[in-house]
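Here are the chains, one letter per residue:
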Amino acid sequence: MNSDDGEDAKILDTIDQLRQLQIGIRDLEKKYPLPQIVVCGDQSAGKSSTLQALSGIPFPVGQGSCTKYITVVTLKKNQEECVTATILP
């Protein structure tokens, strides 16, 4: 890990916190443009399968299954493997 990695991780954590609060994020995203994707489509079009393939996180897939909620996946580089999930009403 080089010295910039620690600084980058702090910046990304701050951006994530501000996104959650929806404060001042537009200016930060202009200065630190981060890749983002949006997956949308008709029912049973493969949206969950696409997210699963990109993230490695299992989603309910198959006939009769569906994900009926907005899903935000944030992937971060970390020395240990971990998953944190939060469902907001």
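Cut-offs applied
- Residues numbered from 1 in each chain as written.
- Predicted model: local features only at pLDDT ≥ 70, side-chain atom pairs only at ≥ 80, totals over all residues.
- Heavy atoms only, no water.
- Helix = DSSP H or I, 4+ residues; strand = E, 2+ residues; numbered from the N terminus.
- Buried < 20%, exposed > 50% of the residue type's maximum accessible area, 1.4 Å probe, protein only.
- Contact = heavy atoms within 4.5 Å.
- Areas by Shrake-Rupley, 256 points an atom, 1.4 Å probe, with all protein chains shown as cover.
- pLDDT = per-residue confidence, 0-100.

On to the overall build of the chain, then. Within the chain, the secondary structure is distributed over three helices and zero strands. In sequence order, the chain lays out its α and β elements as α-α-α. In the chain, which comprises 89 residues, the proportion classed as buried is 6%. Looking at the chain alone, contacts between residues at least 24 apart form 12% of all its contacts between residues at least 6 apart. For the chain, the exposed area adds up to about 8300 Å²; of that, 53% sits on carbon and sulfur atoms.

Attention shifts here to the environment of Ser49. When you line up the elements, Ser49 lands in helix H3 (residues 47-55). Put simply, Ser49 and Gly62 are 13 residues apart on the chain and 9.0 Å apart in space, counted from C-alpha to C-alpha.

The backbone phi angle of Ser44 is positive, close to 60°, even though this residue is not glycine. Tracing the chain through its elements places Ser44 in the loop between helix H2 (25-31) and H3.

What follows covers the confidence of the model for the chain. Model confidence for the chain is summarised by a mean pLDDT of 76, while 84% of its residues fall at 70 or above. Within the chain, the lowest mean pLDDT, 73, falls on H2, and the highest, 87, falls on H3.

Another point: the side chain of Ser48. By secondary structure assignment, the location of Ser48 is in helix H3. Using a relative accessible area of 15% as the deciding quantity, one classes Ser48 as buried.

Bringing the environment of Gln63 into the picture now. Among the structural elements, Gln63 can be located in the segment after H3. Expressed as a C-alpha distance, the spacing of Gln63 and Ser44, which sit 19 residues apart in the sequence, is 7.6 Å.

What follows deals with the environment of Thr84. Within the secondary structure layout, Thr84 lies in the segment after H3. Sequence-wise, Thr84 and Thr74 are 10 residues apart; in three dimensions their C-alpha atoms are separated by 9.8 Å.

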